[in-house]
Amino acid sequence: MLFRSARSLLLLAVAASVVLAAGVLPTSGATAAPLWPVPQPYRVTADPVESLAGLPPGSEYVALGDSYSAGYGLGDPTGLPVSACGQSAQDYPHRVAARFGLALHDVTCGGATTADILGGHQFRGVPPQIEALSADTRLVTVTIGGNDADLFGTAAACLALSPAGPVFSGRDAPSCRSTLVQDGVDQLGVKIRSRVALGIATALAAIRNAAPNAQVVFLGYPAIFPDAEHTPAKGCFRSALDLGTLTGSFPANSYPFTNTDVRYLHGVQQDLDDVARSAAAAAGVRYLDVFTSTLSRSACARQGALVSGVTLDSTNGLRRIDLEPGALHPNRSGVAYLARRVEAAVRSAAG
């Protein structure tokens, strides 16, 4: 749910219906988390697994960010801030809070942008995320920027019929890169290095100001698209369609991206990671790069992936096709990895 609208999925549905019609199928006494009951197995107790001298049990921890923070697709929904946010009690903030016995206020929400942190009302009844912060806050975590760049919405529009294309959402377009790079200029890259960079920098500065006594940990995005070194010789492509699609079922954990777009979208994600790192340095915020360290375990990997591939779902006899919740998002192993990285950062700063 990092992507904010279903427009690309509607295009996908139309294209998929055409493909099917044509018969073409490619091969301490402290009580944490006071705001809601936290489902097992991540219930925070008064006797945490680990205590930190600089961040004692019961310290206020506020989690901000988008669906990569919210654990979208993992189950155990909290229903907070509203059910449309897709927040899970298995997200990395709940795991971090459980480990250290922190009083968690989790306002993460799928689809959030930096504007939704700063002043936007993403859904009715959902205040700007920054309003959760105060001088009492001792720890802030945030993952943000992907929706500003529309990286994941773009990825959802890049699903292809074969390793050489075409892509579902562009009539006869061999790849997404062919439509996004014009006269040698990468339109998405330009957006990331300008408006997205400014949005992230502004949000981080505002967070520092709203929570002056908190450690702030800005966690990046794990790799969805591998670099050349970690791309198999035969490529990453795994089709999202097979013969079962005729009866409304789809292959699980597919990776339907052209070879060109795997390289292109890896570069886009690298741009976003670079921008995030620079913004964090300018704001004096700790940045955790999990992009480089997960290149061998991207959604392309057939074993050990930390990010789920694509699984499609249809309703009304293939009239509507959607991505299943959690597609292109951290799986259980991925969220556990993110939690470990945040825990290590918190431990080094407050232990």
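Whatever comes next refers back to the structure up there.
Note that the structure is a prediction, hence the values are computed from the model and not measured.

Caption draft 1: Region of interest: the pattern of salt bridges. One pass over the structure, following the stated rule, counts 5 salt bridges. Measuring nitrogen to oxygen at the nearest pair gives 2.8 Å for the salt bridge that ties Arg-99 to Glu-50. On the criterion of sequence distance, the pair formed by Arg-99 in helix 3 (residues 92–100) and Glu-50 in the loop between helix 1 (7–22) and strand 1 (60–65) is long-range, its members being 49 residues apart. In this structure Glu-50 comes out as buried when scored by relative accessible area, which is 17%. Each of Glu-50, Arg-99 and Arg-347 takes part in one network of salt bridges that share partners.

Caption draft 2: Main features of unusual backbone geometry. Residues Leu-80 and Pro-81 are joined by a peptide bond in cis, for which omega reads -15°. Here Pro-81 is to be found in the loop between helix 2 (67–70) and helix 3. Residue Pro-166 is bonded to the preceding Gly-165 through a cis peptide linkage, with omega at 5°. Note that Pro-166 resides in the loop between helix 6 (151–156) and helix 7 (177–180). A positive phi angle, near 55°, is found at Asp-150, a position not held by glycine. Tracing the backbone shows Asp-150 in the loop between helix 5 (146–149) and helix 6. We note that Asp-183 has phi near 55°; this positive angle belongs to a residue other than glycine. Relative to the assigned elements, Asp-183 resides in the loop between strand 4 (181–182) and strand 5 (185–186).

Caption draft 3: A look at the sheet that holds strand 1. Here 5 strands make up an open sheet; going across it, the order is 2-1-3-6-7 and the pairing parallel. Of all the strands in the sheet, the pair left with one neighbour each is strand 2 (103–106) and strand 7 (286–288). With strand direction ignored, the average angle separating the axes of adjacent strands in the sheet is 20°. Pairing analysis gives 4 bridges linking strand 1 to strand 2, with the strands arranged parallel. If you follow Glu-60 over to strand 2, its bridge partner there is Ala-103. Against the sheet, helix 8 (residues 187–210) touches strand 1, strand 3 (137–143) and strand 6 (215–219), its axis set at about 155° to strand 6.

Calculation rules
- Residues numbered from 1 in each chain as written.
- Predicted model: local features only at pLDDT ≥ 70, side-chain atom pairs only at ≥ 80, totals over all residues.
- Heavy atoms only, no water.
- Salt bridge = Lys/Arg side-chain N within 4 Å of Asp/Glu carboxyl O.
- Helix = DSSP H or I, 4+ residues; strand = E, 2+ residues; numbered from the N terminus.
- Buried < 20%, exposed > 50% of the residue type's maximum accessible area, 1.4 Å probe, protein only.
- Pairing = 2+ DSSP bridges.
- Axes fitted to C-alpha atoms, helices over the stretch in contact; angles between N-to-C directions.
- Contact = heavy atoms within 4.5 Å.

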